[in-house]
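What the coordinates show
Given next are the chains, with one letter for each unit.
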Amino acid sequence: MLMLIGSADACAQNAGTLHYEYKEKIDQARNISPLGLDLFGDATNFENGSTQFKHQDLELPTSVRVKVPVGRVFRVGVSRELQGADVPSGDIFGLGWSPDIPYIKGDFIKADGWIAQTGINGSTGRCSSGSFAPGAKHIYTKVVLAHNFFFGNDINIPGQGTERLLALRADGARPTDGAAYVGTTTSNWKVSCLPTVMNGPGEGFIVTIQDGTKYYFNWMASRDTGIIPFTYEDLSLSEYRLYATKAVDRFGGEVNYTYDAANPHRISSITTSDGSTLNFTYDSVNGKVSTVTTAGRTWQYQYTPISSQRVYDQLSRVILPDGSSWVYNSYPYQVSGRTGSQPCLYEVGTRSSSQSPGTNEASTMSITHPSGAVGQFKFRALMFGYNRTPDKCYAPVASPTAPNTPYRPKAFIVNSLYEKTISGPGLTTILWTMRYYPSWSYGYECGACATTARTVVTSSEGETRTYVFGNDYTTNASQHLSLTVSKSGKTRQETYTYLANATGQAFPDQIGEDRFQINNNAFLLKNRPKYISVLSQDGRDFKTTVEQFDYLARPTRLRKENYATPAAPPTDPGPGPGPICPGCQIP
C-alpha cells in the first residue's frame, strides 16, 4: 500500500477561533493526565548520556503568541578546571540552575569584555562583525588564539531550547523583511543587530524564530568564571549575557522583561501587552529568587547553604500555590574533563561502562516530585569520541607557555547518566541501566574502524532498547541511525537514513559557520536531513520517504508504504566488547 502526502497550508494548520482556544484551556485545567516516565523533567542524549533537567514552574497566561514560562534548567556537566572563583550570580534559582528566560551568552576575557573578531584588539561590534568570536590575545611574546578561552555563543529561547549562534553564510536563507541578517542556528532562527544595549557598550541582537516572534537582546550582565594561568600573565574570564527586554509576536503582541539595574542578572518582572504581569522577589542573603507571583498565586523557593559564601546556595524546595512541593535531595557534582594525566593521553581507566566508577567519578541527583514519586539519577565520568578524527595530537613542549599548539582531541569526557530509578508510594519501582559502547581514533590510526557506536538501555520491566549512532567524524557523526526495542520475545526496530549531501536540493549544504572554533566538527553543521524512516514490526515494514524538501530542509512531500519485511542481510553490530574495531580504541 502506498500513499503520497503533500504539505498542508500553514495558515490552515494554525487556524483557530477564540471559542475553540477557550475550550482548549478549560479542558487542560479540567482533565488530569497521568504522569509519564519523564515526570522529573529529565532529558538524556543516549549517544553519550549527557542529561539536563528542565522544570517549568508556571506559564503566564496571555493572548500574546509568545510562550512565557517560568522555568529552570540544570545541566549535569564536566568541570573546565579553571583556577579562581566561578561566581554563579546568574544562577538565580540556585547553584547550577539556569533561568529559562531569553538570553544569549558567551565566555570572554574579563578585561576586554564581549568583543568580536576584528584583528587582535577586537571590537564591541559584536553582532555586525558577523564573526561573533573575539580576536586573538597578546601575552608578551605569545599570541593566544580565541579557541583557548572562547567556546561559542549560545541562544536560549523558552519553550524552544538552547542553540549555538552561527555566522549566516551567503547562501543561507534570510527573511524578506528588509533587515540585515548576519546569524543563524540549526533550527533556522535568524539573527540581526541592534545598534546599542541598554546598560553597556556595543551592539545587541534581534533573534527571529520560525513562527515570526522577535526577541530583542539588549540587557547586559556578567559574572566571573575563573582564570586560565599562563607563565607571564593570567587570563581572567567572565561569562557575559545579553538578556531579552522584549519579545514581539508576528501580530504585534508584546512581552516585556525588566531587570534590576543594581543586580543585572535578576529579572524583576514580566508583563504582556494584554495586561498579564508576573513579579519576582529575591532573598536578601543569597540573592536567589524567593517568590514568583502572578494573578494572586505565589510560588516559593527555598535554599540550602553549602559554604559560607551564600551565592553558592543550592535549591532545596519549590512550594507550589496548592501547598505541594518539589524537593531536591541531592545534586551531582562535576567530574574532571581531563582525558589523561598529560596532553595527548587517553587513559580510559574506570571511565568505561565495563568498569565500576572510580573515586570521585560518580554522584547522584535525587528529586521528589509533588506527587510523592522519587527519582534517583546516577551519573559517572565516561570517555567518548569519534573514529577517523582528522589531524593528530601534538603535545606542547611547555603547556603554560605554548597555548596554541594544534590539538583536536579524538576523545572527551562526559558526566553520563548510567542508572535511573523511579519509586514512591503506590508505585512499582522501575530501574533503568545504561551501558555505552563508543570507540575513537585519529584518521591515520585506522583503516577499518567502526562507523557506529551503541548504547543499550535495559529496564527492570524486561525491556531492552538498543540505540545506534553514527561514529565517523566526517560522514555520520552523531546521526541517530536506529532504535531496536525488545520485550517478551517481541521486537520493534526503527531505522533512519540521511541525505549524504545537498546536491540538487533547495537548501544549502551547510547551516552556518562556527568560526574560529578549531575543535568543532564541521560535519555537525551540514544540512543532512533524515529522508527515509522504516518501522519494522510483526513481519512488516512501514516506510516513510521524504521526496522533497524546502529551502529550510523541511519535508514538503512524503511517500508512505508498507510491505512484508524482507530477509535482512548480516549487519555490522557496531562497536562493543570484542576485537571488531582494528586500529581504534574501545574502552
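Keep in mind that this is a model prediction, so the values were computed, not measured.

On to the overall build of the protein chain. For the protein chain, the helix and strand inventory stands at two helices and 36 strands. When the 587 residues of the protein chain are sorted by exposure, 47% land in the buried category. Summarising the internal contacts of the protein chain: among those between residues at least 6 apart in sequence, 56% fall at separations of at least 24. Carbon and sulfur atoms provide 52% of the accessible area of the protein chain, an area that totals close to 27500 Å².

Its location among the elements puts Arg-223 in strand β16 (residues 214-228). A distance of 3.1 Å separates a polar atom in the side chain of Arg-223 from the backbone oxygen of Val-87. Sequence-distant contacts of Arg-223, defined by excluding residues within four places in its chain, comprise Asp-86, Val-87, Pro-88, Ser-89, Gly-90, Leu-237, Ser-238, Glu-239 and His-265.

Right, let's talk about the nonpolar core for a bit. A general tendency of soluble globular proteins is for nonpolar side chains to be buried together. Core analysis: the biggest nonpolar cluster contains 91 residues, and Phe-205, Phe-217, Phe-280, Tyr-301 and Met-365 have the highest contact counts within it. Among the elements that line this core, the one with the most residues is strand β17 (residues 235-248), at seven residues. Ranked by size, the runner-up nonpolar core spans ten residues in total, among them Val-335, Tyr-346, Val-348 and Trp-440.

This brings us to the packing of aromatic side chains. Aromatic ring pairs are described here by two measures, namely the spacing of the ring centres and the angle between the planes. As enumerated under the stated definition, the model contains 25 aromatic pairs in all. Seen from their ring centres, Tyr-386 and Tyr-473 are 6.0 Å apart, and the 85° between their planes marks the pair as edge-to-face. You can see Tyr-386 sitting in the loop between β27 (374-385) and β28 (411-423) and its partner Tyr-473 sitting in the loop between β31 (464-470) and β32 (480-487), a full 87 residues away along the chain. Taken individually, Tyr-386 and Tyr-473 each receive the classification buried, so the pair is uniform in this respect.

Attention now goes to the state of the cysteines. As enumerated under the stated definition, the model contains two disulfides in all. Across a sulfur-sulfur distance of 2.1 Å, Cys-127 and Cys-193 are joined as a disulfide pair. Disulfide Cys-127-Cys-193: torsion about the S-S bond near -85°, hence left-handed. Of this pair, Cys-127 sits in the loop between β7 (103-109) and β8 (137-139) while Cys-193 sits in strand β14 (residues 190-194), and the two are 66 residues apart along the sequence. Residue classification places Cys-127 among the buried positions, given a relative accessible area of 0%. One disulfide bridge connects Cys-446 with Cys-449, the sulfur atoms lying 2.3 Å from each other. Like Cys-449, Cys-446 is buried.

Its place among the elements puts Pro-555 in strand β36 (residues 555-564). A relative accessible area of 47% means that Pro-555 is categorised as partly exposed. Remark: the alpha-carbon pair of Pro-555 and Thr-545, spanning ten residues in sequence, is separated by 9.6 Å. Those residues in contact with Pro-555 that lie beyond four places of it in its chain are Val-546, Gln-548 and Phe-549.

Right, let's talk about unusual backbone geometry for a bit. Despite not being glycine, Asp-538 shows a phi value in the positive range, around 55°. Structurally, Asp-538 can be placed in the loop between β34 (530-537) and β35 (540-549). Its relative accessible area of 62% is what places Asp-538 among the exposed residues. For Ala-553, which is not glycine, the phi dihedral falls at a positive 65°. Mapped onto the elements, Ala-553 comes out in the loop between β35 and β36.

Moving on: the sheet that holds strand β6 (residues 97-99). Sheet architecture is open: four strands sit in the order β2-β3-β4-β6, paired in antiparallel fashion. Each edge of the open sheet carries a strand with a single partner, namely β2 (42-45) and β6. Averaged over all adjacent pairs, the angle separating strand axes in this sheet is 25°, with direction ignored. As defined by bridge partners, β2 adjoins strand β3 (residues 50-59) across four bridges and the pair is classed as antiparallel.

Okay, the pairing of strand β26 (residues 362-368) next. In terms of residue burial, β26 counts as a mostly covered element, since five of its seven residues are buried. The hairpin formed by β26 and β27 contains five residues between the paired strands, and Gly-372 there has a positive phi angle of roughly 105°.

This part is about the pattern of salt bridges. By the definition in use, this model includes 24 salt bridges. Here Lys-214 makes a salt bridge to Asp-177, at a shortest N to O gap of 3.2 Å. With Lys-214 in strand β16 and Asp-177 in the loop between β12 (166-167) and β13 (183-184), the pair connects residues that are 37 residues apart, well separated along the chain. Judged by relative accessible area, which is 22%, Lys-214 ranks as partly exposed. Salt-bridge contacts for Arg-559 lead to Glu-547; the nearest nitrogen and oxygen are separated by 2.5 Å. Highlighted residues: Arg-559 in strand β36 and Glu-547 in strand β35, separated in sequence by twelve residues. Overall, the relative accessible area of 26% leaves Arg-559 in the partly exposed class. Classification of Glu-547 by relative accessible area gives partly exposed; the value is 30%. Put simply, Asp-86, Arg-223, Glu-239 and Arg-241 are held in one network by salt bridges that share partners.

What follows deals with the side chain of Asn-527. Note that Asn-527 resides in the loop between β33 (490-498) and β34. Engagement of the side chain of Asn-527 in a polar contact is seen with the backbone oxygen of Pro-508, the distance being 2.9 Å.

Okay, the confidence of the model for the protein chain next. Summing up the model confidence of the protein chain, the mean pLDDT is 87 and the portion of residues at 70 or higher is 86%. This stretch, residues 396-406, has a pLDDT under 50; its non-local contacts, to residues over four places away or in other chains, come to 18 contacts.

Cut-off values and rules
- Each chain carries its own residue numbering, running from 1 in the written order of its sequence.
- Two thresholds apply to this predicted model, a pLDDT of at least 70 for residue-level local features and 80 or more for giving and counting side-chain atom pairs, whereas whole-chain, interface and lining totals are computed over all residues.
- The side-chain numbers reported here are obtained from all heavy atoms of the structure, hydrogens and water having been left aside.
- Secondary structure counts use DSSP, requiring at least four H or I residues in a row for a helix and at least two E residues in a row for a strand, with both numbered from the N terminus.
- Summary of the burial criterion: residues with accessible area below 20% of their type's maximum are buried, those above 50% are exposed, and those between are partly exposed, where the area comes from a 1.4 Å probe applied to protein chains only.
- Between two residues, a contact is recorded if the distance between any of their heavy atoms is within 4.5 Å.
- For the area figures, the Shrake-Rupley method with a 1.4 Å probe applies, and any residue is considered shielded solely by the protein chains shown.
- Polar contacts here mean pairs of N or O atoms no more than 3.5 Å apart (in protein, one a potential hydrogen donor and the other a potential acceptor; neighbouring residues in sequence count only if both atoms are side-chain atoms).
- The set of buried Ala, Val, Leu, Ile, Met, Phe, Trp, Tyr and Cys residues whose side-chain atoms join them within 4.5 Å is what this entry labels a nonpolar core.
- Side-chain rings of Phe, Tyr and Trp (the six-membered ring for Trp) are treated as a pair once their centres are within 6.5 Å; stacked means planes under 30 degrees apart, edge-to-face means over 60, and tilted covers the remaining angles.
- Counting rule for disulfides: a pair of cysteine sulfur atoms within 2.5 Å.
- Any two strands between which DSSP finds at least two bridges are classified as paired.
- In this analysis an axis means a line fitted to C-alpha atoms, helices contributing only their contacting stretch, and an angle means the value between N-to-C directions, from 0 to 180 degrees.
- Between Lys or Arg on one side and Asp or Glu on the other, a salt bridge is scored when a side-chain nitrogen of the former is within 4 Å of a carboxyl oxygen of the latter.
- You can read pLDDT as the predictor saying how much it trusts each residue, on a scale of 0 to 100.

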